[in-house]
Amino acid sequence: MSESDVTRDGIRGARPDRDALVGRGMGNGERRCRKGGRGRKGDQSMVPRAEFTSYYGRPVLNPPTWSARDVAGYLFLGGLAGAGSVLAAGAELTGRPVMARALKVSSVAALAGSTAALIHDLGRPERFANMLRVFKPTSPMSVGSWLLMVYGPMAGAAAASDLAGRLPRAGRAATVGAGLLGPAVASYTAVLAANTAIPAWHDGYREMPFVFIGSAATAASGMALLVSPVTENAPARGVAVLGTALETAAVKAMERRVGVVAETYREGRAGRLMRAAEALSAAGALGGAVLGRRSRTAAALSGAALVAASVCTRFGVFHAGIRSAEDPKYTVLPQRERLDARRERLDARQDRLDARQDRPQDG
């Protein structure tokens, strides 16, 4: 206890350094400690961070009830259809009729399967028709529904003209039109997924379109290698290499950026699927580039590996999203990280203002 006394001449016996601080108040390090943030030069929060919990151990988000077969199948088939139309248009314009016809047919079949999976997931067919009642540019589902309504007839007309051998000019125009819409068809599902509250999808919004485009290109090139003769599959081999490189780079970049949520892509069922996709796509691209130009069997095996890799990627992304929604950690921790980053930016801004105020005035 202090032995100081107050006398007529002032305070007697006071310990040193007991004067009150006046002026600007607490220093920056003290201010951060009071706020619970990180101060400069090793300042630490005096209050431990609370552990997050949820009511009765239930997830923070409502767990999705989607079927993997419907949703992941919808993602895969839509990508195969869109990228297949792009390759079909290129094959048509460069004089590769067998590849062009096969990809036109596979794109229509994939589109039909994708639409069936979407309608089955919705539960009632009329729900898909209800999406077409209005066009809402801010809704990825609305834009995607109208995109499919425009793309579908073009892809169907292109395949029908080629199979029937009639109206070649109209068929070529439809082929080019479907090819122009193909990239949007292959990638809009990434925007649709990132627009949800699922942490593994929402937090990867920057890289997810590139992941989906690369996966779609891998699937379409694999289909082309499966059905095309060796003399026509040169573009498919190149697209396989580019698609594999794009998908792999985008996945790695997404895992580095999303922080703790990346665990959902590396562990469990999703981790096994993503690793299988990486291995299959690398083997398929390498086999197609090296052996696919000479051996029809090697080209077909490489194509099958590429298609399987795309399937694994879409199912891996789906299961990563489901796991991130079920565990509250992947909802709470990223929010804390964003809050800490915002606090650090505000503290840095306050430091600059304090330094400017402390700077001696000229004159």
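Before going into details, it helps to say that this report is about the structure given with it. Along each chain, residue indices are assigned from 1 in the same order as the chain's sequence is written. This being a predicted model, a pLDDT of at least 70 is required before a residue's local features are given, and a value of 80 or more before pairs of side-chain atoms are given or counted; all residues contribute to the totals for chains, interfaces and linings. For side-chain calculations, the full set of non-hydrogen atoms in the structure is used, while hydrogens and water are omitted.

**A short note on the overall build of the chain**
Right, so step 1: Put simply, DSSP H or I for four residues or longer makes a helix, DSSP E for two residues or longer makes a strand, and each gets a number counted from the N terminus. Helix and strand content of the chain: 13 helices and 2 strands.
Right, so step 2: Across the 363 residues in the chain, those meeting the buried criterion constitute 43%.
Right, so step 3: Pairs of residues are marked as contacts when any of their non-hydrogen atoms sit within 4.5 Å. Within the chain, contacts between residues separated by at least 24 positions form 75% of all contacts whose residues are at least 6 apart in sequence.
Right, so step 4: Only the protein chains shown count as cover for residues, and the accessible areas themselves come from Shrake-Rupley with a 1.4 Å probe. Accessible surface computed for the chain: about 20,400 Å², of which carbon and sulfur atoms make up 59%. Throughout this description, buried means an accessible area under 20% of the type-specific maximum (1.4 Å probe, protein chains only), exposed means over 50%, and partly exposed covers the range between.

**Some thoughts on the packing of helix α2 (residues 68-93) against helix α3 (residues 97-122)**
Right, so step 1: With axes taken as lines fitted to C-alpha atoms, and helix axes fitted only over the stretch in contact, angles between N-to-C directions fall between 0 and 180 degrees. The geometry of α2 relative to α3 is characterised by a closest axis approach of 7 Å and an angle of 155 degrees between their N-to-C directions. With respect to their mutual orientation, α2 and α3 come out roughly antiparallel. When you trace α2 past α3, the crossing you get is left-handed.
Right, so step 2: Amino acids outside the nonpolar list (Ala, Val, Leu, Ile, Met, Phe, Trp, Tyr, Cys, Pro) and the charged list (Asp, Glu, Lys, Arg) are all regarded as polar, and Gly is one of them. Broken down by class, the residue content of the contact of α2 with α3 amounts to 15 nonpolar, 7 polar and 5 charged. In this scheme, roughly parallel covers angles under 35 degrees and roughly antiparallel covers those over 145, while 65 to 115 is roughly perpendicular and the rest are oblique. Crossings are sorted by hand: turned counterclockwise from the far helix by less than a right angle, the near helix makes the crossing left-handed, and turned clockwise it makes it right-handed.

**Quick notes on the layout of surface pockets**
Right, so step 1: Every definition here rests on a 1 Å grid over the protein atoms only: cavities are sets of points where a 1.4 Å probe fits but cannot get out, pockets are open sets enclosed by protein on both sides within 12 Å along at least five of seven lines, and lining residues have some atom within 4 Å of a point. Grid points are joined across faces, edges and corners, and a volume is the space filled by probe spheres set on the points. Roughly 280 Å³ of internal volume is contained in the largest pocket.
Right, so step 2: Along its surface, the largest pocket is lined by 15 residues, and Trp-66, Val-71, Asp-121, Met-141 and Leu-192 are the ones closest to its centre.
Right, so step 3: For the lining of the largest pocket, the secondary-structure elements that each account for two or more residues are α2, α3 and α6 (168-194).

**Concerning the nonpolar core**
Right, so step 1: With 63 residues, the main nonpolar core has Trp-201, Met-208 and Tyr-265 as its most contacted residues.
Right, so step 2: If you tally residues by element for this core, the top one is α2, at 12 residues. To form a nonpolar core, buried Ala, Val, Leu, Ile, Met, Phe, Trp, Tyr and Cys residues must be joined to one another through side-chain atoms within 4.5 Å.

**A short note on a positive patch on the surface**
Right, so step 1: Residues with no salt bridge and a relative accessible area higher than 30% make up the patches, which join like charges within 9 Å and nonpolar side chains (Val, Leu, Ile, Met, Phe, Trp, Tyr) within 5 Å. By definition here, a salt bridge exists when the distance from a side-chain nitrogen of Lys or Arg to a carboxyl oxygen of Asp or Glu is within 4 Å. When charges are tallied, Lys and Arg are placed among the positive residues and Asp and Glu among the negative ones, while His and the ends of the chain are skipped. Lys charges are placed at NZ, Arg charges at CZ, Asp charges at CG and Glu charges at CD. A cluster of like positive charges, contributed by Arg-349, Arg-352, Arg-356 and Arg-359, occupies part of the molecular surface.
Right, so step 2: With respect to the secondary-structure elements, Arg-359 resides in the segment after α13 (329-358).

**Comments concerning helix α11 (residues 268-290)**
Right, so step 1: Between its first and last C-alpha atoms α11 spans 33 Å; for 23 residues at 1.5 Å apiece the expected length is 33 Å, and the two agree.
Right, so step 2: In the core, the buried residues of α11 are packed alongside α8 (208-227), α9 (234-257), α10 (263-266) and α12 (296-326). A helix is expected to span 1.5 Å for every residue after the first.

**Brief notes about unusual backbone geometry**
Right, so step 1: Positive phi is not limited to glycine here, since Leu-167 has a value of about 50 degrees.
Right, so step 2: Positionally, Leu-167 belongs in the loop between α5 (140-164) and α6.

**Digging into the side chain of Ser-310**
Right, so step 1: Tracing the backbone through its elements, the reader meets Ser-310 in helix α12.
Right, so step 2: Overall, the relative accessible area of 1% leaves Ser-310 in the buried class.

**A few points about the pattern of salt bridges**
Right, so step 1: The tally for this structure, following the rule as stated, stands at 9 salt bridges.
Right, so step 2: Each of Glu-92, Arg-101, Lys-104, Asp-162 and Arg-172 takes part in one network of salt bridges that share partners.

**Digging into the packing of α2 against α6**
Right, so step 1: Relative orientation of the contacting elements α2 and α6 amounts to 150 degrees, with a least axis distance of 7 Å. With respect to their mutual orientation, α2 and α6 come out roughly antiparallel. Seen from above, α2 lies across α6 with left-handed handedness. When α2 is examined against α6, the residues Tyr-74, Leu-75, Gly-78, Gly-79, Gly-82, Ala-83, Ser-85, Val-86, Ala-88, Ala-89, Glu-92 and Leu-93 are found in contact with a partner set consisting of Arg-172, Thr-175, Val-176, Ala-178, Gly-179, Gly-182, Pro-183, Val-185, Ala-186, Tyr-188, Thr-189 and Leu-192.
Right, so step 2: Counted by class, the contact of α2 with α6 contains 14 nonpolar, 8 polar and 2 charged residues.

**Quick word on the packing of aromatic side chains**
Right, so step 1: Classification of ring pairs rests on two measures: the distance between centres of Phe, Tyr or Trp rings, Trp counted by its six-membered ring, which must be within 6.5 Å, and the angle between planes, read as stacked under 30 degrees, edge-to-face over 60 and tilted in between. Inspection of the entire model under this criterion finds 1 aromatic pair.
Right, so step 2: A centroid spacing of 6.5 Å and a plane angle of 40 degrees characterise the contact between Trp-201 and Phe-318, whose relative ring orientation is tilted. Taken as a pair, Trp-201 in helix α7 (residues 199-202) and Phe-318 in helix α12 lie far apart in primary sequence, 117 residues in all. Across the pair, exposure class does not vary: Trp-201 and Phe-318 are buried alike.
Right, so step 3: Positioned over the ring face of Tyr-205 is Arg-257, at 5.4 Å from the centre of the ring. In this analysis the charged atom, NZ for Lys or CZ for Arg, is taken to sit over a ring once it is within 6 Å of the ring centre and within 35 degrees of the ring normal.

**Examining the environment of Gly-287**
Right, so step 1: Note on placement: Gly-287 falls in helix α11.
Right, so step 2: The sequence separation of Gly-287 and Ser-302 amounts to 15 residues, and the corresponding C-alpha distance is 5.6 Å.
Right, so step 3: Residues in contact with Gly-287, not counting those within four places in the same chain, are Gly-292 and Ser-302.

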